[in-house]
Amino acid sequence: MLAVLGLLTAGCGGGSSSGGDDDAQDDGGQTGSTAAGGDDDGGDEGDEAAGEPTPGGKVVYALEAESTGGFCLYGAQLAISGIMVTQSIYDTLTVPNEDGEYVPYLAESIEPNDTFDTWVITLRDGVTFHNGEPLDAEAVKLNLDSYRGANPDAFAPLFTFVFQNIADVQVTGPLEVTVTTATPWPAFPAYLFSSGRLGIMAPEQIADTEGCSRNLIGTGPFQLDEWVPNDHLSATKFADYWRADEGLPYLDEIEFRPVTDGGQRVNGLETGAFQAMHSSGAQEILDLRDMAENGQANLEESSDGAEVGYTLLNDARAPFDDLTARQAVAYAVSEEELNELINDGLNPLANGPMAPGTQGFAEDTGYPTSDPDRARELVQEYKDAHGGQFAFELTWSGTDPNTRQLAEEAAQQLREVGIDVTVKNTADQSQFINDALGGNFDAFIWRNHGGTEGDLLYVWFHSGSPVNFSKFTDPEIDRLLDEGRTEIDPDRRDEIYLELNRRFGEQVWELWSWYTVWGIATSADVHGILGPELPDGSMPFPLLAGWHLTSGLWVEQ
């Protein structure tokens, strides 16, 4: 139902399983493998019952969308489908663990100084890219310079803003890179993951300015075989993978196929056309639960650190440059009714940009709840001040019928309080994102910014950011984002982001709907969705906005 793009985290939520460009109503726990219904704490009883992983085999993984722009990562706009490809071909310097901490991964260590404005990245020895180039400090400096816009041959319009706080990157040893930041930046390790988008590319790929988007060369568990856009991307096991001593990856081959219709992905899993799939669509997840209960599939679910489904408002122009108008639409819409209608009530309702498990999350942010009578009063107040008019266009992207239904039902609720709403569809996802970047919209059905770290919201909501799509300027939000970024006391950071969340509730800069529930399902003989164990002995974060490692997938032989 929504669209998304991205940089750091990944449109809109609820019910859509087919919207991406590339793209539990509890505490966000996961259903364990082979368990359905989401009533456990995220264990993987199915994997335990299956025994030890066995090497070999192939998995065909159905994705919700194609990444038509390709994989020149510093300039790519990737949603979850592209991120799943990226984390299979490339590795990131850090990954989130089960506690939401960003721990070294391709890096052996990442250490700050006492003031958190100098970071020493030490790389693992003996790691090579798929083309035989060594992973060394020069390669990582080239990557970081390309992402931050310091490489004149690399165009990185969005990551340049993301990494504007980096002042300098220096090679300080064969396997050591020292990064100096303009301010203390305790969240820097989270940005080295950037929702799985910050893969480390081989220098050969970065130098290939013409073929960079299709010439995928990383250090990851699988190396590219072929990519036929809108059909498949196949990759084979990288024999010299740096985790090969651990038997990783277990699979010999993995193939990604874009299948935009969520129901077709479920049917494909059921018939054996696919062995893995993902979905954020409620009906698909409910169908997958049935399959898991019947022993036909393994299923993991999570809404922890999830993307937020919402209506993106253009706050830079009428009517939403007026707080009265924003409050009116918030009171007019019953997200609870829409959630029941679109998601069968599956998704936790949202009251701000922070999902459960994210720094600053609050059960009550002061965000308005449905009150049609209050909405009518505010609508009349707005009309009295604006020549009797209150009209806007609500746009949704893609072809998903659930998203269409969501837009039409929301529009009907708004009309009932006196707002003139026109529903519009933009099938071309690239145009949808371009309109968002250019501010050419009134309101978009949207989904974005998952993650557990509060500072990851900086790029989405700070004034002046090219991806502050709503185009609002709120000095109080800027202040809190700036303070949160530089504050090194963890408790004080929690307080800042809680205050930030409440400011969003008060100012109604967006219409919050619900937190996305992601489900990853495999056929009954495929295991390892939540693995493998990370090098430091911890487990990966379970399904961070749909992200998971594919190196741990294995097929019963």
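Since we're looking at a predicted model, the values are computed, not measured.

Participant: Outline the sheet that holds strand β12 (residues 297-302), supporting the account with residue identities and numerical values.
Facilitator: Strand pairing in a sheet relies on backbone hydrogen bonds, with the paired strands running either antiparallel or parallel. Strand order across the open sheet formed by seven strands is β8-β9-β10-β1-β11-β18-β12, with mixed pairing between neighbours. Strands with a single pairing partner mark the edges of an open sheet, and in this sheet they are β8 (222-228) and β12. The sheet shows a mean angle of 20° between the axes of neighbouring strands, direction not considered. Judged from the two bridges that link them, strand β1 (residues 58-63) and strand β11 (residues 276-279) form a sheet pairing that is parallel. Residue pairing for β11: Ala 62 is matched across the bridge by Met 277. Helix α7 (residues 262-271) contacts β1, β11, β12 and β18 (518-523) of the sheet and is inclined by roughly 155° relative to β11.

Participant: Before we move on, could you go through the packing of aromatic side chains and cite the residues and values that matter?
Facilitator: Applying the stated criterion across every chain yields a total of 29 aromatic pairs. When the centroid spacing of 6.0 Å and the interplanar angle of 15° are considered together, the rings of Phe 159 and Phe 163 count as stacked. Phe 159 gets classed as buried once you look at its relative accessible area, which sits at 1%. Pairing Phe 193 with Trp 547 gives two aromatic rings, centres 5.1 Å apart and planes at 80°, and the pair type is edge-to-face. With Phe 193 in the loop between α5 (188-191) and α6 (203-207) and Trp 547 in the loop between β19 (526-527) and β20 (554-555), this pair connects stretches of sequence that are 354 residues apart. Here the two residues Phe 193 and Trp 547 agree in accessibility, since each one is buried. Chaining the aromatic ring pairs together yields one cluster made of Phe 116, Trp 119, Tyr 147, Phe 159, Phe 163, Trp 185, Phe 188 and Tyr 191. A cation sits over an aromatic face here: Arg 485 above Tyr 458, 3.8 Å from the ring centre.

Participant: Residues and numbers for the packing of helix α9 (residues 323-332) against helix α11 (residues 372-385), please.
Facilitator: Relative to each other, α9 and α11 sit at 155°, their axes nearing to 8 Å. Classed by the angle they form, the pair α9 and α11 counts as roughly antiparallel. For the element pair α9 and α11, the recorded crossing hand is left-handed. Where α9 approaches α11, its residues Thr 324, Ala 325, Gln 327, Ala 328, Tyr 331 and Ala 332 are matched on the opposing element by Pro 372, Arg 374, Ala 375, Leu 378, Val 379, Glu 381 and Tyr 382. Looking at the contact of α9 with α11 residue by residue, the class counts come to nine nonpolar, two polar and two charged.

Procedures and definitions
Residues numbered from 1 in each chain as written. Predicted model: local features only at pLDDT ≥ 70, side-chain atom pairs only at ≥ 80, totals over all residues. Heavy atoms only, no water. Pairing = 2+ DSSP bridges. Helix = DSSP H or I, 4+ residues; strand = E, 2+ residues; numbered from the N terminus. Axes fitted to C-alpha atoms, helices over the stretch in contact; angles between N-to-C directions. Contact = heavy atoms within 4.5 Å. Phe/Tyr/Trp six-rings, centres within 6.5 Å; stacked < 30°, edge-to-face > 60°. Buried < 20%, exposed > 50% of the residue type's maximum accessible area, 1.4 Å probe, protein only. Lys NZ or Arg CZ within 6 Å of the ring centre and 35° of its normal. Parallel < 35°, antiparallel > 145°, perpendicular 65-115°, else oblique. Left-handed = near helix turned anticlockwise from the far one by under 90°. Nonpolar A, V, L, I, M, F, W, Y, C, P; charged D, E, K, R; others polar.

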